[in-house]
Amino acid sequence: MNVLIRESAADFQLVPDDPWRIAPKEADALLSLPKGAWLYPLAAWQKEAAAISARGEPFGLWLYPDTPPIALEALKPRLVDFAVIALDFPVFTDGRAYSLARLLRERLGYTGELRAVGHVLLDTLLFTRRLGFDAWIMRERQHVDEAIAHLRSLRQSHMMRHPYQ
Amino acid sequence: MYRYNPDDLALIRERAAQFRAQVARWRSGALRDEEFRPLRLQNGLYVQRHAPMLRVAVPYGMISAVQLRKLADISRRYDKGFGHFTTRHNLQLNWIRIEDAPDILDELTEVEMHSIQTSGNCIRNITTDPFAGIAPDEGMDPRPLAEILRQWSAMHPEFSFLPRKIKIAISGSAGDRVLSWYHDIALRLDGEDEEGATFTVIVGGGLGRTPLRGQIIEQGLPWRHLLSYLEAIVRVFNLHGRRDNPYKARLKILVQRLGLAEFSRQTRDEWAHLKGGPATLTKAEYQRVAAHFSPPAYRSPTAQSAARLTTRKTAHPDFARWLERAVHPHKIPGYAAVILSLKAPGQAPGDITAAQMESVAALADDFSFGEARIAHEQNLVLADVEQGRLFELWQAARKDALATPNTGLLTDMICCPGGDFCDLANARSVAIARAIQTRFADLDTLFDLGEISLNISGCVNACGHHHVGNIGILGVDRQSEEFYQITLGGSQGSAAHIGKVIGPAVPAARVVDVVARILAVYRRERRPDETFLRTFDRIGSAPFKPCLRAADAETRAETAARN
C-alpha cells in the first residue's frame, strides 16, 4: 500500500489518508471527474487549464520524467496555483526528475509541495531531499518508520551539505 | 596532497555506513537484486566471474605511502595479496567477499579513501596528468581543481542516476597526457584572462564500442565557471541522453545525434541560468584547496651529485637504460620524476602485489616526500626524486621488480583484466600480454623497436584502450573461441586518434606471431630514428596487411587439417 511522508517545519510525518489522486489524461474523463484532490498530468493541464481552475478546488500537477524543461518554463506564471507537484520515478535509476526538481525549485521558484512518487527507495531520499522534495510516497507501509528515521538522520548528515552548490 | 577536513571525513564515513546498511538490507531481502545492483555499483562493488570485485578510488591518481600500506594490508587480509591498477587510476581488489566490503570501506576511511562512484551511471573518478605539479610544460597544477571536481561530483544529488557514466579528465599542460580527446568531458588549460586560468572544454569523446573523438565545445572558459559549465553539460545529458539502450546512452552518442552546434546551444542555454550562481568558484576556496598542493621542500642540486650521476651511468649500463626509459623531466633543477614500471616480465600489466605496494610506500617515503601517483598507463610514479639519488632509487626499486626499463616500449602494455576476471570480457587479455612479454623479453630488442604502445582489451568496452594503441588488440568471441582483432596506428597525446583494423581477427595462438610479423615489417620499412607510429603514418596499412593474411591462411590450413 502506498503511504505519504511529508516534511513539515519541525519534522517528517506519516500522513494518513492522503487525498491526492492522479487524474486521467483524457479530456472526456476530465469533464466528469468527481470533486476531489486531483493531480493532473501535464497534457491534461495544458488542454484544460481553464476548466480545471474553474472547478474551485485545490489542484496539483503530475509530471513524468520525460517532461521537456521548456514545458516547465511555460508553466512559470501558473506554478503558484499548484498545491502539489508530483514528480514520477518509473524506476529509481531514472534521474531525470532530479534535474526537473532543481529547475522547479531554483529556476522557476516553485515553493509548494514537491512530491516524489513511483519507485522511491530509502536510498534516494538523500538525493531527493537535497533537491528540495518535501513529500514522498513510499510503496511499502513497513518501510515508513525506517524512512522517517532516515530523513530525520539526514538533518545532521554531511552528505546533505553539498559543496559548490 | 589533499588532506581531509573533519567534514570530508564525516562524509565518507557516513557513506560507508550507508553502504553497510544497503548490504544488510539486500541480504535481508528488503532490497531486491535489481535494486541493490545500481546501488552497489555506485560504490564500486561488482560481482565478477569468480568473486566480487571492489574498485577503490585513487582520486586523480594521488596516493600517499600511508594509503599504499593500508591497501597492502587490506589486500592481504581480505583478498589474495595483490591488486590491479586501472586506466582510471583506481585500484581493483578482485577476490573479496561481499560481506567484507563494508569492513573494507570502513578501513579505507581511516586513510581518507573510499570507493564512491568508481562505477555506476554517475560521474566517475576524475583523472589527470601523472606529472601534475612538476611537469616542465605545465601552465597550472590541475590537482586543486581536480580535488574540487571530486568534491563537487561526489554524491551529487542531481547527477547520481545519469543515463550512463561520465568520465572527466583535467590537464594543465601543453602536452596531452590525459587522453583528453577520448573522455566524455575533458578540461584543458588554454591560457588566462584577467581573473586567472582559462580552459578548453572537449565534449563527447570516448572509446568503448563506439569510439568517437571529442569535440571542442568551449574555449577560454574562466576557471571560476568550470563547475557551472559542467553542470550545464551534465544536465543536458541527464535530461536528454538515451535511457532505453545502455549501448547508446553515453554522452558521445547524444552529442553525435544532436550535432555539436545543437548540443552546444542547449548547454549554453542552461549555462546562462547557472553561470555566476552558487557553483561559481571563489578565489578563497581555490586557495584553501591549492594550499594542500604547495611544492615540497626541494633542495638545491650540487655539482657533485650531477657528476656522480654521469659516473654511475658510465659504470652501469643497466642503470643508464633505466634512466633513459623511467625518468621524466621535472620543472625543478636537480629533480626528476620516476616511473615505477608495473610491467615486469610475467607480471599482469597493472597488477601489484601487497609486498610491492609496501615497497612503493617505502620508496615514496625515502625518495619522494611520501607520495606517489598512478598513471593511466597502469604504472606508478614517484614525482619528486633528487637526481643525485636516482642510482640509489634504482637499486632499491630493482629488488621488487619495480625498475623494468620498459616505459614507452613494447612491453609497457595497457591491458584490462580480461576474461580471467571480468564478466564482460569476450576473451582473455592477460594471457596475450604474457605471451608478448615472453616473446619480447630481450631488452636489446625492445630498445631497438623503440617507442611504441601496445594496448589490449578483452572486449569492446575497451578498458585496455586498444583503439589508441599504436598496436591495438581486441578480444572478440567467435563461436565461443577467443579471437583477436588487430588495429594499427592509434595514438594518445595531442594528436590522438583511433587505429585502423588491418585484417581478419586471429585466434589466440597466432596473436604473438602476428605482432612479431608487424614489427618485422616496421623494422624493414623504418627510416633512421623513425618510431613505429611515424613509419605507419608514412607507409600506411598496406604493407602490414600480409601479416594478417598469412596468419589467416595458416589458421585455415590448420582447421582443414584438423577436420
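Only a predicted model underlies this, so the values are computations on that prediction, with no experimental measurement involved.

## What about the overall build of chain B?
Okay, step 1: In terms of regular secondary structure, chain B is built from 18 helices and 21 strands.
Okay, step 2: Whereas a compact globule of 563 residues would reach a radius of gyration of roughly 24 Å, chain B reaches 23 Å, a difference of no more than 12%.
Okay, step 3: By its C-alpha atoms, chain B is 65 × 65 × 50 Å across when sized along the principal axes.
Okay, step 4: Looking at chain B as a whole, 56% of its 563 residues are labelled buried.
Okay, step 5: Taking as baseline every contact in chain B between residues at least 6 positions apart, the subset at least 24 positions apart corresponds to 68%.

## Considerations on the interface of chain B and chain A
Okay, step 1: The interface is formed by 26 residues belonging to chain B together with 21 residues belonging to chain A.
Okay, step 2: Where the side of chain B that touches chain A is concerned, the elements lending two or more residues are helix 1 (6-28), helix 2 (33-41), helix 5 (143-153) and helix 6 (226-240) of chain B.
Okay, step 3: Considering every element that reaches the side of chain B that touches chain A, the biggest residue donor is helix 1 of chain B, with six residues.
Okay, step 4: Taken together, the residues of the side of chain B that touches chain A sort by class into 14 nonpolar, five polar and seven charged.

## Examining the sheet that holds strand 3 (residues 62-64) of chain B
Residues and elements named next belong to chain B.
Okay, step 1: Taken in spatial order, the five strands line up as 3-14-15-12-11 in an open sheet, and their pairing is antiparallel. Whereas interior strands pair on both sides, the edge strands pair on one side only; in this sheet they are strand 3 and strand 11 (327-329). Averaged over all pairs of adjacent strands, the angle between strand axes in this sheet comes to 35 degrees, irrespective of strand direction.
Okay, step 2: Bridge count for strand 12 (residues 335-340) against strand 15 (residues 380-386) is five bridges, and the pairing is antiparallel. In the sheet register, Ala336 faces strand 15, and the bridge partner there is Val385.

## Some points on the domain arrangement of chain B
Residue and element names in this part refer to chain B.
Okay, step 1: Here the domain parsing of chain B yields domain 1 (6-109), domain 2 (142-290), domain 3 (303-399) and domain 4 (414-562).
Okay, step 2: Summarising the inter-unit geometry, the C-alpha centres of domain 1 and domain 4 are found 33 Å apart.
Okay, step 3: Taken together, the contact between domain 1 and domain 4 spans five residues of the former and seven residues of the latter.
Okay, step 4: Classifying every residue of the side of domain 1 that touches domain 4 gives no nonpolar, four polar and one charged.

## Digging into the packing of helix 6 of chain B against helix 8 (residues 260-274) of chain B
Residues and elements named next belong to chain B.
Okay, step 1: Interaxial distance between helix 6 and helix 8 falls to 8 Å at its minimum, and their mutual angle equals 130 degrees. Taken together, the axis directions place helix 6 and helix 8 in an arrangement best described as oblique. By crossing handedness, the relation of helix 6 to helix 8 is classed as right-handed. Between helix 6, through Ser228, Tyr229, Glu231, Ala232, Ile233, Arg235 and Val236, and helix 8, the contact on the second element is made entirely by Phe263, Gln266, Thr267, Glu270, Trp271 and Leu274.
Okay, step 2: A per-class count over the contact of helix 6 with helix 8 returns seven nonpolar, three polar and three charged.

## Side note on helix 4 (residues 96-107) of chain A
Okay, step 1: Taking 1.5 Å per residue as the helical rise, helix 4 of chain A with its twelve residues ought to reach 16 Å, and the 16 Å between its terminal C-alpha atoms agrees with that figure.
Okay, step 2: Burial runs high along helix 4 of chain A: nine of the twelve residues are buried.
Okay, step 3: Buried within helix 4 of chain A we find Arg96, Ala97, Tyr98, Ser99, Leu100, Ala101, Arg102, Leu103 and Leu104 of chain A.
Okay, step 4: On its buried face, helix 4 of chain A is in contact with strand 5 (59-63), helix 3 (69-75), strand 6 (82-89), strand 7 (113-118) and helix 5 (125-130) of chain A together with helix 6 of chain B.
Okay, step 5: Once helix 4 of chain A finishes, Gly109 of chain A follows within two positions and takes phi at roughly 70 degrees, a positive value.

## Focus on the pairing of strand 5 of chain A
Consecutive side chains along a regular strand alternate between the two faces of the sheet.
All names here are of chain A.
Okay, step 1: The buried fraction of strand 5 amounts to five of the five residues, a majority that puts the element mostly inside the structure.
Okay, step 2: Of the two faces of strand 5, the one holding Phe59, Leu61 and Leu63 and the one holding Gly60 and Trp62 are both buried throughout.
Okay, step 3: Here strand 4 (residues 37-41) runs beside strand 5; their pairing, made up of four bridges, is parallel. What sits directly across from Leu39, in strand 5, is Gly60.
Okay, step 4: With respect to chirality, the unit in which strand 4 leads through helix 2 (residues 42-54) into the neighbouring parallel strand 5 is right-handed.
Okay, step 5: With five bridges joining them, strand 5 and strand 6 adopt parallel strand pairing. Residue pairing in the sheet places Phe59 in a bridge with Phe82 of strand 6.
Okay, step 6: Between the parallel pair strand 5 and strand 6, the chain is carried across by helix 3, and the sense of this crossover is right-handed.

The rules we used
Residues numbered from 1 in each chain as written. Chains lettered and ligands numbered in written order. Predicted model: local features only at pLDDT ≥ 70, side-chain atom pairs only at ≥ 80, totals over all residues. Helix = DSSP H or I, 4+ residues; strand = E, 2+ residues; numbered from the N terminus. Rg over C-alpha atoms; globule rule 2.2 N^0.38 Å. Buried ≥ 20, exposed ≤ 12 C-beta atoms within 10 Å, placed from the backbone. Contact = placed C-beta atoms within 7 Å. Nonpolar A, V, L, I, M, F, W, Y, C, P; charged D, E, K, R; others polar. Pairing = 2+ DSSP bridges. Axes fitted to C-alpha atoms, helices over the stretch in contact; angles between N-to-C directions. Domains from an automatic or database assignment. Parallel < 35°, antiparallel > 145°, perpendicular 65-115°, else oblique. Left-handed = near helix turned anticlockwise from the far one by under 90°. Expected span 1.5 Å × (residues − 1). Right-handed = clockwise from strand over helix to strand, strands pointing away.

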